[in-house]
Amino acid sequence: MKYRPISFLLTGLIFAVLSTFFISHTPPLATPKPNIVFIFADDLGWGDLSSYGATDLKTPHIDSLLRAGLRFTNFYANSPVCSPSRAALLSGRWPEAVGVPGVIRDDLADSWGYLAPGPLLPNDLQKAGYHTALVGKWHLGLEPENAPNERGFQEFYGFLGDMMDDYYTKRRNGHNFMRHNRQVIDPPGHATDVFTEGAIRYVNSRKNNPKPFFLYLAYNAPHNPLQPPAEWLDRVKKREPTIDPTRAKLVALIEHLDDNIGRLLATLKANRQLENTLIVFTSDNGGWEPAKANNGPYRAFKGTMYEGGIRIPAGVVWAGHIQPGRVSDERGQLSDWMPTFLELAGQQATTPVDGKSLVPVLLTNQPDAQKLETLRQRPLFYIRREGNDAFKGLTTQAVRLGDWKLLQPSPFSPFELYNLKDDPKETTDLAKQEKAKANELTRLLMNHIQQGGAVPWQKRK
C-alpha cells in the first residue's frame, strides 16, 4: 500500500499523545534491559530542528522526543563527514583506530577507509542477549566481509553504499546497493518511507518477544540530492512564500523525515514497546552548505573542523529513567554511545574503546561527580582524510580540551586556536597569543596522530 502523508490534524494528535506519554508515564521495567533504537539523520545541521531554534521548519515529532528526555547542546560527531562518524559510533573508537579516517566510496581510487576486523556494538549487544538490526544506510564498506550481516547485525534492510543519486530509484553510480540481508532488493517509493516501513516491520516482528532488541535506523535524509516528495515541498512553499528555493527543498526533506519518525514512534507506542525503549536521535555531522543548511550560530558547514561541521543535534529518551525536559551542555561524542549502551545492557566491551559512557549524565538518580569530571576533562579528537585538490589524500585534524579547541582548516593551513567559551563562533584565532595552550593541544594531537597511524586504512592485499 502506498503511504500518504497524514494531515496536520492527525500529526498534531499524535504529537500530543506522544508528548503526554513520554512526559507523564513512568512504567515499571518490562525487561531488565531496555530496547535501544538509535535514529541517525544524515547531514542534519545543528540548527535545522525547531527545538534547536529553526523558525522556517516544523519538526513536532523529533521535538516531542527531545522534550521527553535529555537534549544536548554540546554534542559532537567524531568527524565532519559520514563514514568516520559511523565507524566511531559502532566501534566506540576513534575512527582512524578502526581504519576509517575518511569517506568510504565504491570508487576505490577515491575511497579513504577500510573498516578493521573485530567486534562492533551489535556483536557485544548480542552477547548481552539482544537481537540486532540495521535499517537504512551502512556506508562502512562494500566488501563481503564488511557487510552488515558479517559485522554483527542479524537483520539488515537498507543501503550498503554512501549517498543515493535519487531517493526513488535508490541507485549510486548506476549500481543497486539495496539489500535485505544478503539479497538484492528494489523496493518502490521514497527512501525515507522505505526505511521507515522496514523499521516498522522490524519492531512489529519483535512485539511479543521478551528478548531486547537494538535497532539502528540510519536514514539518508536530509543528505543531497534534495529530493523531498512533491506534496511536502508544496506544503513548505505555501507556508513560507519567501523561502529560498534550495532551502525549501531541504526543509521539506527534514519535515518528511520528522513525519516518518512520528510513524515509528506511534508504532512503538501501539505495541507497548515504548515503555522500555531507550531512543537516541542525532546526526552524523553538520549540515551541508550548498543545501542552505542551518548550523545555528556556529561557523561553517559539513566537511570542516569548525563547529558547524562537527557539532550536532542529539537527544535521548527513556521513560521512567531519564528525566524529561532536561537540557545539557555536557560534551559528548558519537563514540560515547557504544560504552553507554553496553553499560545499560550490563555488558563489558570485548575490545578497548575510546568513548566514555554517558550514563552519569543520563541517569540523574545515579550522579557520580568523579565520572562527570572525567568526561569534562578528556580531550575530544576529530579527523577527516580526503582526496581531490583540497586534501590530496592528507588529513585535517582537530582536538578540543575543555574550552579550548585546536583545528586545521585544511592540510596546507596553519593550525588555529579558539576559546569556545568566550568565542563560540570561532572568530578570533588565538594561536599566536596563547602559544603555551596551542603547544599543549599540539602535543595531544601529535600523540593521537601517532597512535592512529599504526592502523591501516586500506585493505591489506
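About the thresholds
Residues numbered from 1 in each chain as written. Predicted model: local features only at pLDDT ≥ 70, side-chain atom pairs only at ≥ 80, totals over all residues. Heavy atoms only, no water. Helix = DSSP H or I, 4+ residues; strand = E, 2+ residues; numbered from the N terminus. Rg over C-alpha atoms; globule rule 2.2 N^0.38 Å. Buried < 20%, exposed > 50% of the residue type's maximum accessible area, 1.4 Å probe, protein only. Contact = heavy atoms within 4.5 Å. Areas by Shrake-Rupley, 256 points an atom, 1.4 Å probe, with all protein chains shown as cover. Lys, Arg positive; Asp, Glu negative; His and termini not counted. Charge placed at Lys NZ, Arg CZ, Asp CG, Glu CD. Expected span 1.5 Å × (residues − 1). Arc of directions from axis to C-beta. pLDDT = per-residue confidence, 0-100. Salt bridge = Lys/Arg side-chain N within 4 Å of Asp/Glu carboxyl O. Core = buried A, V, L, I, M, F, W, Y, C linked by side-chain atoms within 4.5 Å. Axes fitted to C-alpha atoms, helices over the stretch in contact; angles between N-to-C directions. Parallel < 35°, antiparallel > 145°, perpendicular 65-115°, else oblique. Left-handed = near helix turned anticlockwise from the far one by under 90°. Nonpolar A, V, L, I, M, F, W, Y, C, P; charged D, E, K, R; others polar. Pairing = 2+ DSSP bridges.

Tallying secondary structure elements over the protein gives 13 helices and 17 strands in all. Against the globule reference of 23 Å for 461 residues, the protein gives a C-alpha radius of gyration of 21 Å, in line with a compact fold. Considering only C-alpha atoms, the protein reaches an extent of 60 × 50 × 50 Å along its principal axes. Split into buried and exposed, the 461 residues of the protein put 61% on the buried side. Taking all contacts inside the protein whose residues are at least 6 apart in sequence as the whole, residues at least 24 apart take part in 67%. Total accessible area on the protein stands at roughly 18000 Å², and carbon and sulfur atoms take up 53% of it. Taken as two groups, the 54 positive and 48 negative side-chain charges of the protein have centres that lie 3 Å from each other.

Attention shifts here to helix H13 (residues 435-452). For H13, which comprises 18 residues, the first-to-last C-alpha distance of 25 Å matches the rise-based estimate of 26 Å (1.5 Å per residue) to within 8%. Buried residues of H13: Ala 438, Leu 441, Leu 445, His 448 and Gly 452, and no others. Down the axis of H13, the smallest arc covering the buried residues is 90 degrees, so these residues share one side. Away from the buried face of H13 by more than 90 degrees, exposed residues Lys 435, Ala 436, Arg 443, Met 446 and Gln 450 are located.

Attention now goes to the confidence of the model for the protein. Fine structural detail should not be taken from predicted coordinates in areas where pLDDT scores are low. Averaged over all residues, the pLDDT of the protein is 93; the fraction at 70 or higher stands at 93%. With pLDDT under 50 throughout, residues 1-21 is counted as low confidence; its partners more than four residues away or in other chains account for 34 contacts. Confidence drops under pLDDT 50 across residues 23-31; counting only partners more than four residues distant or on other chains, this segment forms 16 contacts.

A few words on the environment of Pro 122. Structurally, the position occupied by Pro 122 is in helix H4 (residues 121-127). As for Pro 122 and Lys 432, which are separated by 310 residues in sequence, their C-alpha atoms are 45 Å apart.

Here the structure, examined in full by the defined rule, presents 26 salt bridges. In this structure, Asp 42 and Arg 86 form a salt bridge, with 3.6 Å as the shortest nitrogen-oxygen distance. Taken together, the positions of Asp 42 in the loop between strand S1 (35-41) and helix H2 (60-67) and Arg 86 in helix H3 (residues 82-91) put the pair 44 residues apart, joining distant regions of the chain. With a relative accessible area of 0%, Arg 86 lands in the buried category. In this structure, Arg 376 and Glu 373 form a salt bridge, with 3.9 Å as the shortest nitrogen-oxygen distance. Here Glu 373 and Arg 376 lie together in helix H11 (residues 369-377), a separation of three residues that amounts to about one turn. With a relative accessible area of 32%, Arg 376 lands in the partly exposed category. What emerges from the salt-bridge pattern is a single network uniting Asp 42, Arg 86, Lys 137 and Asp 284.

Membership of the largest hydrophobic core comes to 106 residues, with the highest contact counts inside it found for Phe 38, Phe 195, Phe 214, Leu 215, Tyr 216 and Trp 337. Examining the composition of this core, we find that eleven residues originate from one element, helix H7 (residues 245-270), more than from any other. Excluding its chain neighbours within four sequence positions, the residues that come into contact with Phe 195 are Val 135, Gly 136, Gly 158, Phe 159, Met 164, Met 178, Leu 217, Ala 218, Tyr 219 and Asn 220. The next biggest cluster of nonpolar side chains, apart from the first, holds 13 residues, and it includes Ala 97, Trp 404, Leu 441 and Leu 445.

Glancing now at the packing of helix H6 (residues 230-239) against H7. Following both chains from N to C, one finds H6 and H7 inclined at 120 degrees, their axes separated by 8 Å at the closest point. Our classification of the angle between H6 and H7 gives oblique. Taken as a pair, H6 and H7 cross one another with a handedness that is right-handed. Counted together, Trp 232, Leu 233, Val 236, Lys 237 and Arg 239 of H6 and Ala 248, Lys 249, Val 251, Ala 252, Glu 255, His 256 and Asp 259 of H7 form the full contact between these two elements. For the contact of H6 with H7, the residue count by class is six nonpolar, one polar and five charged.

Attention now goes to the packing of H2 against H7. Packed helices, taken two at a time, are described by the angle their axes make and the gap between the axes. Interhelical geometry of H2 versus H7 gives an angle of 55 degrees and a closest axis separation of 7 Å. It follows from the interaxial angle that H2 and H7 lie oblique. Together, Pro 60, His 61, Ile 62 and Leu 65 of H2 and Asp 258, Asp 259, Ile 261, Gly 262 and Leu 265 of H7 make up the contact between the two elements. Class assignment for the residues of the contact of H2 with H7 results in five nonpolar, two polar and two charged.

Before going further, it helps to spend a moment on the sheet that holds strand S16 (residues 404-407). Pairing is antiparallel in the open sheet, where four strands are placed in the order S14-S15-S16-S17. Whereas interior strands pair on both sides, the edge strands pair on one side only; in this sheet they are strand S14 (379-385) and strand S17 (416-419). Between one strand axis and the next, the sheet turns through 15 degrees on average, direction left out of account. Along the sheet face, H13 touches S14, strand S15 (395-401), S16 and S17 and points at about 125 degrees away from the line of S15.

A word on helix H5 (residues 191-205). Since the α-helix advances by 3.6 residues per turn, residues separated by three or four positions end up pointing in the same direction. Look at H5: 21 Å from first C-alpha to last across 15 residues, which is about the 21 Å you get at 1.5 Å a residue. Residues of H5 that are buried include every one of Ala 191, Thr 192, Asp 193, Val 194, Phe 195, Thr 196, Gly 198, Ala 199, Ile 200, Tyr 202 and Val 203, and no others. Among the structural elements, strand S3 (131-137), strand S4 (155-159), strand S7 (178-180), strand S9 (213-218) and H7 are those in contact with the buried residues of H5.

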